[in-house]
Structure formats: structure tokens, C-alpha cells
Amino acid sequence: MAVARTRCVCLVGVTGHVVDVEADVGSGMAGVHLIGMLDTALSEARDRVRSAVVNSHQPWPDARITVSLFPASLPKRGSIFDLAIAVALLAAAGSVPGDRVADPFFLGELGLDGSLRPVRGVLPAVLAAVAAGARTVVVPARNAAEAGLVPEVTVVPVASLGELVRWLRGAGADVPPVLADDPPGREPGAGGAGGAEGPGGPDGSRPPGGSRAPGGEGSGEAAPDLGDVAGQPFARRALEVCAAGGHNLWMLGPPGTGKTMLAERLPALLPSLDREQALEVTAIHSVAGTLPADRPLLERPPFVAPHHTATIAAVVGGGSGVIRPGAVSLAHRGVLFMDEAPEFPMNVLDALRQPLESGRVTVSRSLGSVTFPARFMLVLAANPCPCAQPSSRDEPCRCTPMTRRRYLARLSGPLLDRIDVKAPILRATRRELLADRRFIEPSRVVAGRVLLARERAAERFAGTPWRCNAEMPTGALHGEYRLPGKAMAPLLKCLDSGVLSARGLDRVLRVAWTLADLADRRRPGVEETGAALALWLGEER
């Protein structure tokens, strides 16, 4: 009887858990038995592994084979365990050295012909492996660029099980590169990813396909430019303020006035993600299966715009089997745009309130709970009435006041209370469009001011977990960063009259700090608090 052991990673949300894969080839009735709280896809691995091993011209042991995935109490889903099961089985059968498979982590799905197919969630899986002390990780060749983003680990990209077997047997030096083209985001000739074992495996042999350094370049597509929007100076200013402080925005106006154009241009004003944020965002999109093939690292803030027919599971996250991140998590560190917001179901809109406050969302199902990060900028756009017909003061639409109130009432008060800036979008005349073109600025100019404002905020928040003014907690607003009485006077007056709630007061104060950063002032004064109040109320100044 022979027992071999290797390791893999089980993903629960975006968190990886180390799983020990043990294979026992012993006496008894021939067959394959998988144990360890498996789902249907993983239970089917016995057939995929058998066909992959046979079609890779490796002997299949005619014995009782038991494969255990530990810890048994952890639910395991998906086909990411295929490669680890096959390697442990071959080591137990003596086809590959057992000491060569004990330390590396093996991730990937096997095809019936022995080819290794890419899987979701490789980045968070490799991060978990490194946290557990891994020095070598074997991944499908098409996942190599994504896995190579993690430092201090040697990434071994393979294209087939047969190629991996030859490398494990010490014949890796004779294996040519398996990729016709260099993996996206990697430079030819670079080492694994700063691995502790150098460019080879545990014995120094060269991994098949080589190991290359990550790049993370953009897709090359030109982003929509703010200079395309004319006739809406107040809305453009509101967009700049929101980008500088990470604030939420609500735009209300008739159709055809540029609400969608403005929202689509907001990501171009935001600074690029730093390394930590980029890895965090990339891990979420990797788990969701939305990571672009040509971009292993997402360095720009994401922009997510779900359709108004999206369900609460699609927006918040969920699923009957595997819990997947929703739109709020896919928009993490970016923008969630909900066009025609009153058309969304009310339960979907109200479900946004909790992640807007906490920056994360917890999805609970019978099998357990999963927490996803969800710190995003919310942008709502709405028409003033359901008919959405062009109207003017001389020829208003035929919707009754009650119909309009009922339509906009779908956006609840608690949700709108969490919106920092409210921008009325009015229909511009031909003269206003022509006159405004002299004051239009391209995105790069506005983005420069936004970056300077963010840097001033970052300097002020040095040593704290906050990154922008929108993340400043209530305790800090009324403690260390409390404003003098003269600047607070107009806000306290609105608080006493009921115009502002306590939450609304905090949001106005955060906007006031953003306005001070844009104006390069040390602290907000009466001018900034008054302007922030006007933005919260949706009044032009």
C-alpha cells in the first residue's frame, strides 16, 4: 500500500483555504473513491482524472484508489482540484516521485485528453498558497500571467498532464516552451515571480513553459472623455468633486441631457489603483470569471452598470450553489452605475444601503456565509417621471404630480440620505451649448486636479486606514477633524430645522473636506461647507 500527499486551495468567496490531497493505492476491489464533502463537479473528477491519465500515456493502477481532501468539514466545489488529485494518484502509484509533489501547490482542471484548462480564482488561490508557505505553484499555462502577479513564489505554467509528469521526473530541461506566444502581461526571459527557488522546480530543473514577470498593461481602449459633454457645467463640477473624494452621486433630469455620458466618464477622472487595491480588485474579478484575458492585473477602477432587470443576487451577490460576487463587489474600488434607477426593484435598491455604509457585503446561504469587499462609488441616474418624454416649461409631460411622486418614491429616503452629491441635469438650449464649449476641459485636466486633491487627503490621513474623504468615519469628523463653529453654523441650522439628518450632516462634512482639498486649503471654511450643503441639496451656486 502506498500513500502520497500534495496540496491545493479551496476558495470560499475570495478567501482561499489550504486543502491537503491524499491518495491511497491499496488492495481491494478496483475503483476510485473521493471523500471530503465534495460537490457534483468535484465528484465527477474521478472520470476526468482517469481519462486524462490514460490519454497522457501513464499507467492506471488496477487497485482500490482512495482520495481524501482534508479538512473534510470544509465544503469543496469546482474543478480546480483535478490536477492535485491526478498528481497525488500518480505519486501513490509510483509514476512520479512522491517527494516532488509534497511541497508544491497544484491548481487546474483536466481535460479528457490530458490538457490543463484554466480555472477561476487563481490569483486568490495563489495568495492563499503563499500565505501558507508555498514556494512553488503549478498552474495552467493560460493562468500563468495571473498567478505571476503574486511575489515570492515560483510559478510553473503547464499545458498538459504529460508535460508535468516529465518535469516531475526530472526531465524538465528537455521540455520546450509550451506557449507559442508569451502569456499576457509577462516579459520574455524574466524569472518566475521572485520565487525563492529560482527559475526551476524543487530540484532546479526548468519549469515547462518558463516563468515570466507580470506586467498588467491596460487594454488600449480609449476611455470616454469629459470634453464630450457640453451644456452641463454644474454636473461636470459635481463629477469632479465626487471623483476627488470618492462620493456617491445622484443625477436627476429629463432624457437626452447627458446623465449616462457623465457617468461613463467618471472612471477616467479617478486615479489608478495602487498595487494592493489592484490585487484586491483582480482577485474578485478572477473569482467571478470576468477577468479580461489580455489583462492579468486590473490597474484602473472598474465600471459596472447592471441592467435594471438585474436580480438582487446579481447585484449584491449569491447563487444557489457556489456563491458568486455581485455587481457591488465587481465595482469594488470603482463605480457602480445604476441607470434608470427607479426602474430597479425596490428591494435591490434598498440592499445597497448596507454595503454603502460598511464597504462589504455578506451573503448567507444554508451552506454558510461569504463576505465580499464592496467599497464603491454609487452613481444613480433617473428621469423625473416614468414617461421619459421630452418636456419644457411651455409643454410639460402629461404625468400627474402623483405619478411623478410615486415614481421617484421608489428611491427610498434612507438610500438618498446616503448620496453625497445630488445634481439636477437640465435641458440646455442651443446658446447654452455653444457658450459652454469655451469652458469644457478634457478628462486628463480634471483628473490632474482630482489626483492632487487625493494626494492632499492621503497626506492628511497618513497612518490611518482611510484613503479618501468618503471613508472618513463619524468619530474623526467630529473629533480630530472637527470644524470651527463659524464653518458649522449653516449646517447646524439645517440640522435643527430637519433639512439635514445626522447622517446627512456627516456626508456634507466629507464633501466640504473634498472641496477644501480641491481648493488647496488646509481646512474647510464657511464657503466650503455652504457649497457642500448646496451639492447635497442639489442646488446650483
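Okay, so let's go over this structure. (Residues numbered from 1 in each chain as written. Predicted model: local features only at pLDDT ≥ 70, side-chain atom pairs only at ≥ 80, totals over all residues. Heavy atoms only, no water.)

Focus on the overall build of the protein
Defined as follows: Counting from the N terminus, the helices are DSSP H or I runs at least four residues long and the strands are E runs at least two residues long. We call a residue buried when its accessible area falls under 20% of the maximum for its residue type, exposed when it is over 50%, and partly exposed in between, using a 1.4 Å probe and counting protein chains only. Any two residues whose heavy atoms approach within 4.5 Å at even a single point are treated as in contact. Only the protein chains shown count as cover for residues, and the accessible areas themselves come from Shrake-Rupley with a 1.4 Å probe.
Each helix and strand in the protein was counted, giving 22 helices and 20 strands. Per-residue burial for the protein yields a buried fraction of 52% across its 541 residues. A separation threshold of at least 6 residues defines the contact pool for the protein, and within that pool the share at least 24 residues apart is 74%. If you sum the accessible surface of the protein, you get close to 23,400 Å²; carbon and sulfur atoms cover 52% of it.

With respect to the side chain of Arg 510
Mapped onto the fold, Arg 510 is located in helix H21 (residues 502-518). Non-local contacts of Arg 510, meaning those with residues more than four positions away in its chain, are made with His 247, Asn 469, Ala 470, Met 472, Pro 473, Thr 474 and Leu 477.

Let's talk about the packing of aromatic side chains
Note the cut-off: The rule is short: rings of Phe, Tyr and Trp, with Trp giving its six-membered ring, pair when the centres are within 6.5 Å, and they are stacked under 30 degrees, edge-to-face over 60, tilted in between. The rule is short: NZ of Lys or CZ of Arg within 6 Å of the ring centre and within 35 degrees of the ring normal puts a charge over the ring.
By the definition in use, this model includes four aromatic pairs. A ring pair is formed by Phe 461 and Tyr 481, whose centres lie 5.8 Å apart and whose planes are at 85°; its orientation type is edge-to-face. Separated by 20 residues along the polypeptide, Phe 461 in the loop between helix H18 (443-460) and helix H19 (474-477) and Tyr 481 in the loop between H19 and helix H20 (485-497) bring together distant segments of the chain. Both residues of the pair, Phe 461 and Tyr 481, belong to the buried class. Clustering of aromatic rings is evident, with ring pairs tying together Phe 461, Trp 466, Tyr 481 and Trp 513. The ring of Phe 461 has Arg 460 lying over it, and the distance from NZ or CZ to the ring centre is 4.9 Å.

Section: helix H22 (residues 526-537)
Put simply, the test is: Here, expected helix span is obtained from the residue count minus one, scaled by 1.5 Å.
With twelve residues, H22 should cover 16 Å at 1.5 Å per step; its first-to-last C-alpha distance of 16 Å lies within 8% of that length. Those residues of H22 that are buried are in contact with helix H8 (233-245), strand E20 (421-424), H20 and H21. Phi turns positive, to about 80°, at Gly 538, one or two residues after H22.

Things to note about the packing of H20 against H22
Basically, it comes down to this: Only C-alpha atoms enter the line fits that serve as axes; for helices the fit covers just the stretch in contact. Angles between N-to-C directions range over 0 to 180 degrees. Here the angle decides the label: under 35 degrees means roughly parallel, over 145 means roughly antiparallel, 65 to 115 means roughly perpendicular, and every other value means oblique. Helix crossings are classified by the rotation of the near helix relative to the far one: an anticlockwise turn of less than a right angle makes the crossing left-handed, while a clockwise turn makes it right-handed. Residue polarity is assigned by list, with Asp, Glu, Lys and Arg as charged and Ala, Val, Leu, Ile, Met, Phe, Trp, Tyr, Cys and Pro as nonpolar; anything else, Gly included, falls into the polar class.
Closest axis-to-axis distance for the H20/H22 pair is 7 Å, and the angle between their directions is 25°. Between H20 and H22, the interaxial angle falls into the category roughly parallel. The crossing of H20 and H22 is right-handed. Along its contact with H20, which presents Lys 486, Ala 487, Pro 490, Leu 491 and Cys 494, the element H22 presents Val 526, Thr 529 and Leu 533. Class assignment of the residues belonging to the contact of H20 with H22 gives a composition of six nonpolar, one polar and one charged.

Structural notes on unusual backbone geometry
Each neighbour pair has its own omega, and for Phe 70 with Pro 71 the value is 5°, a cis peptide bond. With respect to the helices and strands, Pro 71 occurs in the loop between strand E4 (64-70) and helix H3 (82-92). Its identity is not glycine, yet Arg 333 carries a phi of approximately 65°, on the positive side. Mapped onto the secondary structure, Arg 333 falls in the loop between helix H12 (327-330) and strand E16 (335-338).

A short note on the pairing of strand E19 (residues 377-382)
Consecutive side chains along a regular strand alternate between the two faces of the sheet. Quick note on the threshold: By definition, two strands form a pair when at least two bridges between them are found by DSSP.
Most of E19 sits inside the fold, with six of its six residues counted as buried. The two faces of E19 match: Met 377, Val 379 and Ala 381 on one face and Leu 378, Leu 380 and Ala 382 on the other face are all buried. Relative to E19, E16 runs parallel, the two sharing four bridges. Residue Val 335 lies in a different strand from E19, and its bridge partner there is Met 377.

Examining H3
Within H3, eleven of the eleven residues are buried, which leaves it mostly tucked inside the rest of the structure. Every buried residue belonging to H3 is among Asp 82, Leu 83, Ala 84, Ile 85, Ala 86, Val 87, Ala 88, Leu 89, Leu 90, Ala 91 and Ala 92, and all of these are buried. Where H3 terminates, the next one or two residues include Gly 94, which has phi positive at roughly 85°.

Section: the environment of Ala 531
Counting through the fold element by element, Ala 531 comes out in helix H22. With 19 residues separating them in the primary sequence, Ala 531 and Ala 512 have C-alpha atoms 7.4 Å apart.

Concerning the sheet that holds E16
Pairing within the open sheet is parallel, and its five strands lie in the order E13-E16-E19-E12-E20. The sheet is open, and its two borders are formed by strand E13 (303-304) and E20, each paired with just one other strand.

Focus on the pattern of salt bridges
For the record, the criterion: Here a salt bridge means any side-chain nitrogen of Lys or Arg lying within 4 Å of a carboxyl oxygen belonging to Asp or Glu.
Following the criterion strictly, the structure yields 23 salt bridges and no others. The residue Glu 343 makes a salt bridge to Arg 410 at a minimum N-O spacing of 4.0 Å. Of this pair, Glu 343 sits in the loop between E16 and helix H13 (346-350) while Arg 410 sits in the loop between helix H15 (401-408) and helix H16 (413-416), and the two are 67 residues apart along the sequence. Overall, Arg 410 belongs to the partly exposed group, its relative accessible area being 33%. The salt bridge partner of Asp 520 is Arg 456, with a shortest N-O separation of 3.1 Å. Taken together, the residues span a long stretch of sequence, with Asp 520 in the loop between H21 and H22 and Arg 456 in helix H18 at a distance of 64 residues. Beyond isolated ion pairs, a larger network of salt bridges with shared partners links Glu 357, Asp 417, Arg 418, Asp 420, Arg 503 and Arg 507.

A closer look at the environment of Val 158
Its place among the elements puts Val 158 in strand E9 (residues 154-158). Looking at Val 158, the relative accessible area reads 0%, which means it is buried. Sequence separation between Val 158 and Val 139 is 19 residues; the distance between their C-alpha atoms is 6.4 Å.

Observations concerning the state of the cysteines
Applied cut-off: Sulfur atoms of two cysteines make up a disulfide when they are within 2.5 Å.
Scanning the entire structure with this criterion turns up zero disulfides. Here Cys 8 is not cross-linked by a disulfide; its sulfur's nearest cysteine counterpart is in Cys 10, at 8.5 Å. Given the relative accessible area of 0%, Cys 8 is considered buried. Cys 387 supplies the cysteine sulfur nearest to Cys 399, a cysteine that is in no disulfide, at a spacing of 3.6 Å.

Shape is all these values report; function is a separate question.
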